[in-house]
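Topology and contacts: notes
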Protein chains: 2
Amino acid sequence: MLEKYIKAARRETKADLVLKNASYVDVFWGDVKKGDIAVVDEKIVGVGEYEGKEEIDCTGLVVTPGYINGHVHIESSQLSPEEFASLVVPHGTTTVIADPHEITNVCGMAGAEYIAKAAANVPLDVKVMLPSCVPATPFENAGAVLDGKDIEDNINNDYIYGLAEFMNYPGVYNADPDVVRKLEAAHNAGKMVDGHAPSLRGYDLNAYICGGISTDHECVTKEEIEEKVSKGQYVHIRHGSSTQNLGNAMYMNSHNYRRFLLCTDDRHSVTLKEQGDLDDALRKLVAMGIDPIMAVTCATLNGAEAYGLKYRGGIAPYWQADLVAVDNLKDFNVKYVIKSGKLVAKDSKPLFDTSKRYLPDNVLNTVHLNEMKPEDFVLPLRGRKALAMTILPGGVVTDKEVVEVESRDGDVVLEGTDLLKLAVVERHHYTGNIGKGLFKGYGFKGGCLGITIAHDSHNIILMGDDNECMARAANKLKEIGGGMVIAVKGGETYSLTLDIGGLMSSKDADALKDESKELLERAYSMGVKREYEAFMSLAFLSLSVIPKLKLLDTGLFDVEKFGFTDVNVD
Amino acid sequence: MLEKYIKAARRETKADLVLKNASYVDVFWGDVKKGDIAVVDEKIVGVGEYEGKEEIDCTGLVVTPGYINGHVHIESSQLSPEEFASLVVPHGTTTVIADPHEITNVCGMAGAEYIAKAAANVPLDVKVMLPSCVPATPFENAGAVLDGKDIEDNINNDYIYGLAEFMNYPGVYNADPDVVRKLEAAHNAGKMVDGHAPSLRGYDLNAYICGGISTDHECVTKEEIEEKVSKGQYVHIRHGSSTQNLGNAMYMNSHNYRRFLLCTDDRHSVTLKEQGDLDDALRKLVAMGIDPIMAVTCATLNGAEAYGLKYRGGIAPYWQADLVAVDNLKDFNVKYVIKSGKLVAKDSKPLFDTSKRYLPDNVLNTVHLNEMKPEDFVLPLRGRKALAMTILPGGVVTDKEVVEVESRDGDVVLEGTDLLKLAVVERHHYTGNIGKGLFKGYGFKGGCLGITIAHDSHNIILMGDDNECMARAANKLKEIGGGMVIAVKGGETYSLTLDIGGLMSSKDADALKDESKELLERAYSMGVKREYEAFMSLAFLSLSVIPKLKLLDTGLFDVEKFGFTDVNVD
């Protein structure tokens, strides 16, 4: 192997591939240099004047190392890893650190393994982190539980790169024994631990970092960023579909910037399709006034260093031949992508086939509940006042409001109000659990909306004004194996299938987009206010780590009290 | 373990040690911050307001991470690893990447193992690299040979951190099979390979780096440094006793400087004692105008990154508690040194005991030759002209000169000339090999100088004008197990013992210095010119990788021709 590289480097043999006449970003010295970039197998062997068995003319283009996405939940694309790759690789992303938190909450380790194995089919390095907090809280029922012993049993799996974002930060700084067991398992395996500690500061942050947690992708203020960087953490500049922290880059300086890297965290396929991936982050960073070399270094070398990826993120002999040729360092329009020495995308189109999906049985048919009946959704209230949930602008944080209610035949009356019933139906283990509550102000009328994406345990969330429709929606979701559904009162049932764990479609991005658009428009036509993302806003109504009032399969949950609460207000 | 850190970080329990009221260098953000630095076991657990079971008041001091020496031959101190530590730790060095090249040339793997085990007794992290080029060239006889198989057999030893400087750079770029085998052994073991390729550039350098060689401590010009950094190598700023490349720091800029680190390579105990170690480098770098934060970062975080030492080289929670408190960032006078959480030096004095030495039999009594007789040193010459060696200013590079000679009774006549006999006597395997030649202009008269330090094979080098003295000197070196000797014609024999491999003294630094001084003065009193280091200049006369004319146990060697040559000139 080495002999082959050495001989080609010295021009005794032809390289496999040469990017001719390239300008390229030298992330080590910090400038743009010129030369032919020679590649053998998956390695760069040299820059200079080279001949290759295959040559790509890069006159007028600038070559950078392949982009490294430091933290992403592939599930947020709502596509399979293969299809995700077909969206991000043509935009220059060649390595992602993936946290399969969602699918693991549904399928357990089978979910994490699925992501790794599916990704093995495509030219994208997916480093799979072992989800650290499944379920996200002990108050609800997810599809799986990964306790300290499970982490110990799985952290050494071949396909596991490290321990994923440790969201249970109070568990860390309180040195909860099971949390400590998880962290020590990772350290004993010599694997790194990603962080997630929004707003955590001071001594609690010191304690959290003492868990051996080396990154953070949640900080946003200068003070928090400086504190976390100063305490040795790498800080992500995040460019998700909704969570956008590109502004973090404004706090970089010539000394500290080696501690900053890029990530997307959650990025939907529509955003990927329409705006791109880290190439879009680079474009926007440069437009903000960030030095392009600095921006590229964050997207490449810094990510590699943060995650201990040796010989990756730079253009130099013996370094991995992950290369992106762009038009210029302002627009970052991607012309060619080389992954491990092979041309895998041209003119922002993939050159690899993703039509064959790896689809094991254990991530399919994951909606496990008994036939639901209309009477399951009866909501008896004691008096005239009840607690209703509302959504604050932004779509993730909820508020609570005491509302006047009437009841008839032992069920709350919704006609003539802007209230809807909200139900979270456990869908993993046939427990029959249903959490019920009220929601105010969504606008929807005449049926039920339902979805099997419900962070982080991914039970079924239903919102509607008709018990029969709610039962029908739940049963339809079971029938299709997960997805999104609209049951119209006295009418049809419309649905979109997310067959992989009830989270992701095995179809391609365009098919998903078309189906989504149709279902979404139907929801808006039934009154959903445009300020909401008709289905995805529902997906956060059970996320019990985000304030203030949430609904779990186990009941109504007051996040500020961190305990259950009653829908009845006396 | 983690629980203990976490609780102390959060101030629920007292830290073991607190550096109170410290200013400290934040190598991540790039400034000086203030706070108490709390330590538990060997970890920093936080900076803030802390109480400790033990406290050190650092008011008025600046704390930096412990210094990391990226490349050193401990043997060059002429002291045991224990005594070396007693010299460098009080100067702030807490980690060294050590290449036991010299002792391994004498003792084979036993030498490398000795360095590791002896260092385990002292509060200095010595990361031992496996010498890659033993012997340095195939033309001479060293005490050991480490071929590709030996490297495979030993690279996974617990005490081996990586593969040491690959000096045989033509072997790499020519893809010599045994060289490739060595390199692949290191890569297969997941261990790094240090470089050594003075002046290597262009395609040969590309090929060399394709061996997976990631550092270089030999480059000096801006062009060479930029090329090596751009090609992904880390570049050392060297501060040895003789080899001084602090000027390399002038080529650092805000982007590239993360790729620069510090080392000493070869630093004698007298230099260490009188001038210090990396603290002296820092002092001089700052005096040159280098930003002190940048200089400290090179000496700490950069070294850790270059050598993959995680959680080392910064002051942050969970990072290794290797700390140095200095008076200021200009003078770098070291007040306290904390190694792995323990106070180990104060006011530049060690607080640890080095009187107990680890001294295994297999590094002692390493002078293996039969009794030498005066007639062994007869040098018959064919005619009136011969080749003599001279030393160029600097002391390492030699030149050759054709000189007029006379012979009597089959031996060259030295009286009335400024010529001396030079002999290299094989001393490892009783081969009886003696290489003989002439040296011009050393000034010495009336006896013989001898030494068992003779780079890199460490045979015996003798220089003198009397055959009886030459034999006596060799026999004395055998008797004392190696060291330095002066045999005076018609007089006494004076010596200094380097009992460890014939390279290092098991005594302490002061004792060595006193003995050295006495022997050195005697040599000068016998005519050695003051421009030479009376003994150490001899030690390089057999280093066949440095131009131009060298003497090996196998004969006179022309480095430029890279082959043997004849002392007779016809």
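Throughout what follows, the structure given in this document is the object of discussion. Note that the structure is predicted; figures quoted are calculated from it, not measured.

**A short note on the interface of chain B and chain A**
Listed as interface residues are 69 residues of chain B and, on the opposing side, 69 residues of chain A. Joining chain B to chain A, the criterion identifies eight salt bridges. Put simply, D204(B) and R10(A) hold a salt bridge, and the shortest N to O gap is 2.6 Å. In this structure, the connection of chain B to chain A is made through 28 residue pairs in polar contact (both at pLDDT 80 or more). Broken down by class, the residue content of the side of chain B that touches chain A amounts to 35 nonpolar, 18 polar and 16 charged.

**What about the relation of the copies chain B and chain A?**
Each of the two copies of the chain can be brought onto the other by a rotation about an axis and a shift along it. Mapping chain B onto chain A calls for a rotation angle of 180° and an axial translation of 0.0 Å; the resulting RMSD is 0.2 Å. The two molecules are tied by a two-fold rotation axis, judged by turn and shift. Taking C-alpha positions as reference, the residue of chain B nearest the rotation axis is S254(B), located at 2.8 Å. Both copies contact each other with a shared surface, as 100% of the interface residues of chain B are interface residues in chain A too.

**Describing empty space enclosed by the protein**
Applying the stated criterion across every chain yields a total of four cavities of 30 Å³ or more. By volume, the largest cavity is sized at about 40 Å³. Surrounding the largest cavity, S254(A), H255(A), Y257(A), R258(A), S254(B), H255(B), Y257(B) and R258(B) form its lining. Broken down by class, the residue content of the lining of the largest cavity amounts to two nonpolar, four polar and two charged. If you add up the space inside the second largest cavity, you get close to 40 Å³.

**Description of the packing of aromatic side chains**
On inspection of all chains with the given rule, the structure shows 24 aromatic pairs over all chains. Centroid distance F139(A) to F557(A): 4.7 Å. Interplanar angle 45°. Geometry classified as tilted. With a gap of 418 residues between them, F139(A) in the loop between β8 (125–130) and α5 (148–154) and F557(A) in strand β29 (residues 555–558) connect regions that are remote in the sequence. For the pair Y442(B) and Y532(B), a centre-to-centre distance of 4.7 Å together with 10° between the ring planes defines the contact as stacked. Here the residue Y442(B) occupies a position in the loop between β23 (434–440) and β24 (447–451), and Y532(B) occupies one in the loop between α15 (509–525) and β28 (549–552), the gap between them amounting to 90 residues. Take Y532(B): its relative accessible area is 8%, and that puts it in the buried class. The structure contains a cluster of three or more aromatic residues connected by ring pairs, namely F28(A), Y311(A), Y318(A) and W319(A). If you follow R259(A) out to its NZ or CZ, it ends over the ring of Y234(A), 3.9 Å from the centre.

Cut-off values and rules
- Residues numbered from 1 in each chain as written.
- Chains lettered and ligands numbered in written order.
- Predicted model: local features only at pLDDT ≥ 70, side-chain atom pairs only at ≥ 80, totals over all residues.
- Heavy atoms only, no water.
- Contact = heavy atoms within 4.5 Å.
- Salt bridge = Lys/Arg side-chain N within 4 Å of Asp/Glu carboxyl O.
- Polar contact = N/O pair within 3.5 Å; in protein donor to acceptor, adjacent residues only side chain to side chain.
- Nonpolar A, V, L, I, M, F, W, Y, C, P; charged D, E, K, R; others polar.
- Least-squares fit on C-alpha atoms with pLDDT ≥ 70 in both.
- 1 Å grid on protein atoms, 1.4 Å probe; cavity = no way out; pocket = protein on both sides within 12 Å on 5 of 7 lines; lining within 4 Å.
- Points joined across faces, edges and corners; volume = space filled by probe spheres on them.
- Phe/Tyr/Trp six-rings, centres within 6.5 Å; stacked < 30°, edge-to-face > 60°.
- Helix = DSSP H or I, 4+ residues; strand = E, 2+ residues; numbered from the N terminus.
- Buried < 20%, exposed > 50% of the residue type's maximum accessible area, 1.4 Å probe, protein only.
- Lys NZ or Arg CZ within 6 Å of the ring centre and 35° of its normal.

That is the geometry; function is a separate question.
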